[in-house]
Amino acid sequence: MGLPSPVTLLLGLLIFQGFPRPLSGGLVFIPSFIRTSVPEVSASLVGAPEDVAVSLSLLQAEAGLLPVPACGELNNDTGDWNLTVTRSVNVLEVTVRLKRAPRRCSSDETDPFSESPCLVQALLVSASRNSSCLAHLPIQVEIYANSSLAQNASENMTVIPNQVYQPLGPCPCNLTAGACDVRCCCDQECSPEVTELFRESCFTGVFGGDVNPLFDQLCSAERVPGAADWFPLLCVQSPSASSPFLGYFHLGAVAPGQRAPLEVSVHTDPKDFSDFGYKQGDPVMTADKAYFTVPQVSLAGQCVQDAPVGFLQNFDVRCVTDLEVYRERAGVVNTRIKNGAVGGIVTPKVTYEEATDLDRFLSTETLLGAGSAPRNVTVEEHYVFRWNNNTISGVHVRIVRAEINAHQKGAMTQRFTVTFLSYNGGDGRGTSGNPGYQLGRPVRAVDANGTHGVSTLHLWQPAGRGLCTSATFKPVLFGEDALSGCLLEVGLGEDCGQLRKKAVEMLDSLMQATHVAMRGNSDYSDLSDGWLEILRAGAPDMGAPDTGADPSVGSGNGTCLDVPAQLSIRILFSDAGAVEGIAQQEILGAEMRVSPVDWQFPCRLTCEPQADLLPLSASVQFIKIPAQPPRPLTRFQVNFTEYDCDRNDVCWPQLLYPLTRDYRGEPYPQCVAKGLLLAFLSVVAVLLQVPRPRRHKA
């Protein structure tokens, strides 16, 4: 192990002596010490008076001498470094920048992946007033040849190591540049003292830096406990440098890079190909050759206000907006949308509604001002596009608005939906597949009694405080397990019968459907077209009187038994064939089960006269049933699990895999014929090697 460089020892002694701390006057550099490998660093001098002076000096550590600089005798030789100071309120922004790179750092002969730096220096930024030192900032500089330095001719070539021989990312857990990552023992930015703090809890495996692991089949690997005795006879000889992760990220190559100009406009004109018809995913265009935009949620979880609407791409998003910065979007009344044909224009039909329950959208505190007029805000926007082949035949927009106080503050939840329906899609309920269900599409349902106009199964979508009275509904999506819930307010004076009735009413809002569609295109008007009755278990009867004799909530023990609080929906489905190679999935059955709980009003010494909250939950689970019953396990598979192909690396049944029925590469009779031919040739080869007895003449 080599000794540290003189610059490192110098800065270490400076830090040990308390050099970075403010000397007097309360001034301090933030950060107090900088170790950099880039040609530009910045720091802040906090609490600086008007007459403070900032200077830069180059520290020298020759002949083992430790210089202790005095602010009145600072070395004016800054070499190739430049100091820039920007003043703000009680803060000085200090920037140290490398003016030009040394020749050895920009030379074409320098190894771009050298382990030793090409520039090692120690700098000292000092703050003084009247030749009196106030604060110091030590800077340790270690710049490598592959750092971003001055402009040179070699910058347009990015050298990437060939990953056939060297994998990228030797330390995947090193996630923070210029800082030590906790539990990442391969991070070179962690000092040995810091690494000792988490030495026993280091990340293991590839993420912890073991990018060249020894796999079990290597002869040089340690024998796994319980391995078979014949393992050394079938092990693999391979050099340790042959990592299984070689070439995993990119194919290493030398790629020329093109320098982008400094002044590049990021706003480009939208490309309009709508005159020749829309394709799925194409942005919907307006007559002004602009994108038709609706707020959407990005991959980072933020709401993008001007996101283009893609053709045949449905979405349902919610955006949270601060009322203080809320601004109304431009209306769509006068917007003209290109329908996809040459010269074709569609004008949206807009309808307005008033929001009835503001608690679903607002989580605010109201500040009433004298004589302040109310203002209108948009809480929901629903867009329905009618499409025909590759054109748009109509657009219907429903906007839900709410009236709030002009000085109201807080957060508002907005909802934006876009739905594409066929021009002859009827009432707009659409399909969820043709014929089988598609993953992520709503599960179709219907109420055979006709009392509830439901078209799909629903779960709760909590809003605001999460109360059941303000919760909205979201559809159950095929193939996606989900869990939702809400909070039911319970008053101190309510008895158990009233509590059960309120809980049943809330759960019944999710149980209005009586039948579920077997296929994704079942006809709503014909129950014989693949509709299955939903089985119900444990569902209480709404019309039956409550016969519970347990005490009321406000009585002595305050306990209510058998309160309906949990709804579980289980849906069985399976593969029912394929259309053009795409598997079609159908629902085989559905069950709704209500489970009761025992609930007690929380009282300590006394019961406070305020309402409590009873959590209600609803879950949906999709269970896939195999189209054919699985083969039962043989006695050999039950007794000898060490030969099970699903549990072990060595699989004896795969020794003759091409001759088994599990092999699907060729027809089974053809595989058998080739196997018999191979066996015949093997027998012939053995017979030809046996020497024949010679006949001797008498």
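What comes next concerns the included structure. (Residues numbered from 1 in each chain as written. Predicted model: local features only at pLDDT ≥ 70, side-chain atom pairs only at ≥ 80, totals over all residues. Heavy atoms only, no water.)

**Topic: the overall build of the chain**
Point 1. When helices and strands are counted, the chain shows six helices and 30 strands.
Point 2. The 698 residues of the chain split such that 32% are buried.
Point 3. Look at the contacts in the chain between residues 6 or more apart in sequence, and 65% of them connect residues 24 or more apart. (Helix = DSSP H or I, 4+ residues; strand = E, 2+ residues; numbered from the N terminus. Buried < 20%, exposed > 50% of the residue type's maximum accessible area, 1.4 Å probe, protein only. Contact = heavy atoms within 4.5 Å.)

**Re helix α4 (residues 496-508)**
Point 1. Taking 1.5 Å per residue as the helical rise, α4 with its 13 residues ought to reach 18 Å, and the 18 Å between its terminal C-alpha atoms agrees with that figure.
Point 2. All buried positions along α4 are accounted for by Cys496, Leu499, Arg500, Ala503, Val504, Met506 and Leu507. Seen from one end, α4 has its buried residues packed into an arc of 160 degrees, which puts them on one side.
Point 3. As for α4, its buried residues are in contact with β22 (458-461), β24 (482-490), β28 (559-579), β29 (582-600) and β30 (612-624). (Expected span 1.5 Å × (residues − 1). Arc of directions from axis to C-beta.)

**Concerning the packing of aromatic side chains**
The geometry of two aromatic rings is summed up by the distance between their centres and the angle between their planes.
Point 1. Tallying each qualifying case throughout the model produces eleven aromatic pairs.
Point 2. Between phenylalanine 311 and phenylalanine 420, the ring centres sit 5.6 Å apart and the planes meet at 75 degrees, which makes this aromatic pair edge-to-face. Linking phenylalanine 311 in the loop between β12 (303-304) and β13 (315-322) with phenylalanine 420 in strand β20 (residues 409-422), this pair joins segments that are 109 residues apart in sequence. Taken individually, phenylalanine 311 and phenylalanine 420 each receive the classification buried, so the pair is uniform in this respect.
Point 3. By the ring-pair criterion, three or more aromatic residues cluster together here, those being Tyr278, Phe292, Phe311, Tyr383, Phe385 and Phe420. (Phe/Tyr/Trp six-rings, centres within 6.5 Å; stacked < 30°, edge-to-face > 60°.)

**As for the pairing of β30**
Point 1. Relative to β30, β24 runs antiparallel, the two being bridged by nine bridges. Looking at β30, one finds that serine 484 is bridged to alanine 618.
Point 2. Relative to β30, β28 is paired through eight bridges, and the arrangement is parallel. Looking across to β30, one finds that isoleucine 571 is bridged to phenylalanine 622. (Pairing = 2+ DSSP bridges.)

**Focus: a nonpolar patch on the surface**
Point 1. Together, Trp652, Leu655, Leu656 and Leu659 make up a nonpolar patch on the protein surface, roughly 420 Å² of accessible area in all.
Point 2. Looking at the secondary structure, you find leucine 655 in the loop between α5 (635-639) and α6 (668-689). (Patch = residues over 30% accessible without salt bridge, like charges linked within 9 Å, V, L, I, M, F, W, Y side chains within 5 Å. Areas by Shrake-Rupley, 256 points an atom, 1.4 Å probe, with all protein chains shown as cover. Salt bridge = Lys/Arg side-chain N within 4 Å of Asp/Glu carboxyl O.)

**Overview of the environment of leucine 358**
Point 1. Of note, leucine 358 is situated in the loop between β16 (349-354) and β17 (362-365).
Point 2. According to the relative accessible area criterion, leucine 358 is partly exposed, its value standing at 27%.
Point 3. Leucine 358 sits 44 residues away from alanine 402 along the chain, and the two C-alpha atoms are 7.4 Å apart.
Point 4. Setting aside residues up to four positions removed in sequence, leucine 358 forms contacts with Ala402 and Glu403.

**Describing the pairing of strand β18 (residues 375-388)**
Point 1. Relative to strand β19 (residues 391-404), β18 runs antiparallel, the two sharing 13 bridges. If you follow arginine 386 over to β19, its bridge partner there is glycine 394.
Point 2. Hairpin connection, β18 to β19: the antiparallel pair is bridged by two residues, and asparagine 389 has positive phi, about 60 degrees.
Point 3. With eight bridges connecting them, β18 and β20 associate as parallel partners. Each bridged residue has a counterpart across the sheet, and for tryptophan 387 the counterpart in β20 is serine 422.

**Quick look at the environment of leucine 98**
Point 1. Here leucine 98 lies in strand β6 (residues 91-98).
Point 2. By relative accessible area, leucine 98 is classed as buried at 11%.
Point 3. The spatial distance from the C-alpha of leucine 98 to the C-alpha of glutamate 40 is 6.3 Å, given a sequence separation of 58 residues.

**Some thoughts on the nonpolar core**
Nonpolar side chains in soluble globular proteins tend to be buried together.
Point 1. Val443, Leu457, Trp460, Leu567, Ile571 and Leu616 are the most contacted members of the largest nonpolar core, which has 47 residues in total.
Point 2. Broken down by element, the residue count for this core peaks at seven residues, all from β28.
Point 3. Trp81, Leu98, Cys105 and Ala135 belong to the second largest nonpolar core, which has 28 residues in total. (Core = buried A, V, L, I, M, F, W, Y, C linked by side-chain atoms within 4.5 Å.)

**A word on the sheet that holds strand β27 (residues 535-537)**
Point 1. Spatially, β24-β30-β28-β29-β27 is the arrangement adopted by the five strands of the open sheet, whose pairing is mixed. The strands lining the two open edges of the sheet, one partner per strand, are β24 and β27. With direction set aside, neighbouring strand axes in the sheet form an average angle of 15 degrees.
Point 2. Docked against the sheet, α4 engages β24, β28, β29 and β30, running at close to 15 degrees with respect to β28. (Axes fitted to C-alpha atoms, helices over the stretch in contact; angles between N-to-C directions.)

**Some remarks on the pattern of salt bridges**
Point 1. In this structure the tally under the stated criterion is twelve salt bridges.
Point 2. Here arginine 401 ties to glutamate 328 by a salt bridge, and the two come within 3.8 Å at their closest N and O atoms. Residue arginine 401 is located in strand β19, and its partner glutamate 328 is located in the loop between β13 and β14 (337-338); the two are separated by 73 residues in the primary sequence.
Point 3. Two residues, arginine 593 and glutamate 591, come together in a salt bridge whose shortest N-O distance is 3.0 Å.

**What about the sheet that holds strand β25 (residues 515-517)?**
Point 1. Taken in spatial order, the three strands make up an open sheet running β21-β25-β26, and their pairing is antiparallel. Two strands lie at the open edges of the sheet, namely β21 (445-446) and β26 (531-533), each paired on one side alone.
Point 2. By the bridge criterion, three bridges tie β25 to β26 in an arrangement that is antiparallel. Looking at the pairing, alanine 517 lines up with tryptophan 531 of β26.

**Here's the deal with unusual backbone geometry**
Point 1. A cis geometry characterises the amide bond from isoleucine 30 onward to proline 31, with omega recorded as 0 degrees.
Point 2. Here proline 31 lies in the loop between β1 (28-30) and β2 (34-36).
Point 3. The omega angle of the peptide bond from asparagine 434 to proline 435 is -5 degrees, so this bond is cis rather than trans.
Point 4. Not every positive phi belongs to a glycine, and arginine 183 is a case in point at roughly 70 degrees.

**Examining the side chain of glutamate 591**
Point 1. Among the secondary structure elements, glutamate 591 is positioned in strand β29.
Point 2. Engagement of the side chain of glutamate 591 in a polar contact is seen with the side chain of arginine 570, the distance being 2.7 Å.
Point 3. Residue contacts for glutamate 591: discarding those within four places in its chain leaves Ile534, Leu535, Ala537, Ser568, Ile569 and Arg570. (Polar contact = N/O pair within 3.5 Å; in protein donor to acceptor, adjacent residues only side chain to side chain.)

**Looking at the environment of glycine 530**
Point 1. Mapped onto the elements, glycine 530 comes out in the loop between β25 and β26.
Point 2. Judged by its relative accessible area of 12%, glycine 530 is buried.
Point 3. The spatial distance from the C-alpha of glycine 530 to the C-alpha of methionine 518 is 5.1 Å, given a sequence separation of twelve residues.
Point 4. Setting aside residues no more than four positions away along its own chain, glycine 530 makes contact with Val516, Ala517, Met518, Arg519 and Ser522.

**Quick notes on the state of the cysteines**
Point 1. Inspection of the entire model under this criterion finds seven disulfides.
Point 2. Covalent S-S linkage joins cysteine 171 and cysteine 186, the inter-sulfur distance amounting to 2.0 Å. Of note, the bridge from cysteine 171 to cysteine 186 carries an S-S torsion of about 80 degrees and is right-handed in sense. Of this pair, cysteine 171 sits in the loop between β9 (157-159) and α3 (192-195) while cysteine 186 sits in the loop between β9 and α3, placing them 15 residues apart in sequence.
Point 3. Accessibility expressed as a relative area gives 14% for cysteine 171, which makes it buried.
Point 4. In this model, cysteine 468 is linked to cysteine 486 through a disulfide, with the two sulfur atoms separated by 1.9 Å. Of note, the bridge from cysteine 468 to cysteine 486 carries an S-S torsion of about 90 degrees and is right-handed in sense. A residue pair is termed long-range when its members are at least 10 positions apart, and cysteine 468 in the loop between β22 and β23 (472-475) and cysteine 486 in strand β24 qualify at 18 residues.
Point 5. The class for cysteine 468 is buried, based on a relative accessible area of 6%. (Disulfide = S-S within 2.5 Å.)

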